[in-house]
Amino acid sequence: MAFVQEKEFRYPAEDECLVRRLGSGVIAAWPHLPPEVREIILHEAKIAWDREHFVSKLPAKLDAIIRRRQA
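Thresholds applied
Going along each chain's sequence as written, the residues are numbered from 1 onward. Thresholds applied to this predicted model are a pLDDT of at least 70 for local features of residues and 80 or more for the giving and counting of side-chain atom pairs; totals over whole chains, interfaces and linings are not thresholded and use all residues. As a rule here, side-chain values cover all heavy atoms of the structure and leave hydrogens and water aside. For helices, the fitted axis covers only the stretch in contact; all axes are lines through C-alpha atoms, and the angles between them, taken along N-to-C directions, range from 0 to 180 degrees. Numbered from the N terminus, helices here are DSSP runs of H or I no shorter than four residues, and strands are runs of E no shorter than two. Oblique is the label for any angle not covered by the other classes, which are roughly parallel (under 35 degrees), roughly antiparallel (over 145) and roughly perpendicular (65 to 115). In a left-handed crossing the near helix is turned counterclockwise from the far helix by less than a right angle, and in a right-handed crossing that turn is clockwise. Every residue pair with non-hydrogen atoms within 4.5 Å of one another is taken to be in contact. The nonpolar class holds Ala, Val, Leu, Ile, Met, Phe, Trp, Tyr, Cys and Pro. Asp, Glu, Lys and Arg form the charged class, and all remaining residues, Gly among them, are polar. When a carboxyl oxygen of Asp or Glu is within 4 Å of a side-chain nitrogen of Lys or Arg, the pair counts as a salt bridge. Each helix should span, by expectation, one fewer than its residue count multiplied by 1.5 Å. Note on aromatic contacts: the rings of Phe and Tyr and the six-membered ring of Trp form a pair at centre separations within 6.5 Å, being stacked when their planes are under 30 degrees apart, edge-to-face when over 60 apart, and tilted otherwise. The cut-offs for exposure are 20% and 50% of the maximum accessible area for each residue type, with area from a 1.4 Å probe on protein chains only; residues under the lower value are buried, those over the upper are exposed, and the others partly exposed.

What follows is about the packing of helix α2 (residues 35-47) against helix α3 (residues 58-70). At a minimum axis distance of 10 Å, the contact between α2 and α3 shows a crossing angle of 130°. When the interaxial angle is binned, α2 and α3 end up oblique. Judged by the sense of rotation from one axis to the other, the crossing of α2 with α3 is right-handed. Mapping the contact onto sequence places Leu42, Ala45 and Lys46 in α2 and Leu58, Pro59, Leu62, Asp63 and Ile66 in α3. Tallied by class, residues from the contact of α2 with α3 come to six nonpolar, no polar and two charged.

This is the structure in structure tokens:
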């Protein structure tokens, strides 16, 4: 797997629906992804730019949304 360059992902407001759909696709595919890919995705999600600058307990909330979808 290629190394993912550390770069903050930013998107314009009009692309937000696309980002949400991609996120939904990743969550749906999550059980089929190799552990190392999951790690990279979670790392990138934790550093991604968002309109909400600070989300308390972000890592736990990311884990929870994945677990809810898999239940």
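Turning our eyes to something else, we now look at the pattern of salt bridges. In total, this model carries two salt bridges according to the counting rule given. The partner of Glu16 in a salt bridge is Arg20, with the nearest N and O atoms 3.7 Å apart. Linking Glu16 with Arg20, this pair stays in helix α1 (residues 16-29), spanning four residues, or about one helical turn. Glu16 is the partner of Arg51 in a salt bridge, and the nearest nitrogen-oxygen pair spans 2.8 Å. Of the two residues, Arg51 sits in the loop between α2 and α3 while Glu16 sits in helix α1, which places them 35 residues apart along the sequence.

Moving on to α3. Relative to the 18 Å expected for 13 residues at 1.5 Å per residue, α3 spans 19 Å between its end C-alpha atoms, a close match to the ideal helical length. Looking at the packing, one finds that the buried side of α3 touches α2.

Counting across every chain of the model gives one aromatic pair. Their ring planes at 75° and their centres at 5.4 Å tell us that Tyr11 and Trp49 sit as a pair that is edge-to-face. With Tyr11 in the segment before α1 and Trp49 in the loop between α2 and α3, this residue pair connects regions lying 38 residues apart in the sequence.

A word on the environment of Glu52. Tracing the backbone through its elements, the reader meets Glu52 in the loop between α2 and α3. As a C-alpha pair, Glu52 and Gly25 span 27 residues in sequence and 22 Å in three-dimensional space.

A word on unusual backbone geometry. Even without a glycine there, the phi angle at Lys57 is positive, about 55°. Structurally, Lys57 can be placed in the loop between α2 and α3. Looking at Lys57, the relative accessible area reads 66%, which means it is exposed.

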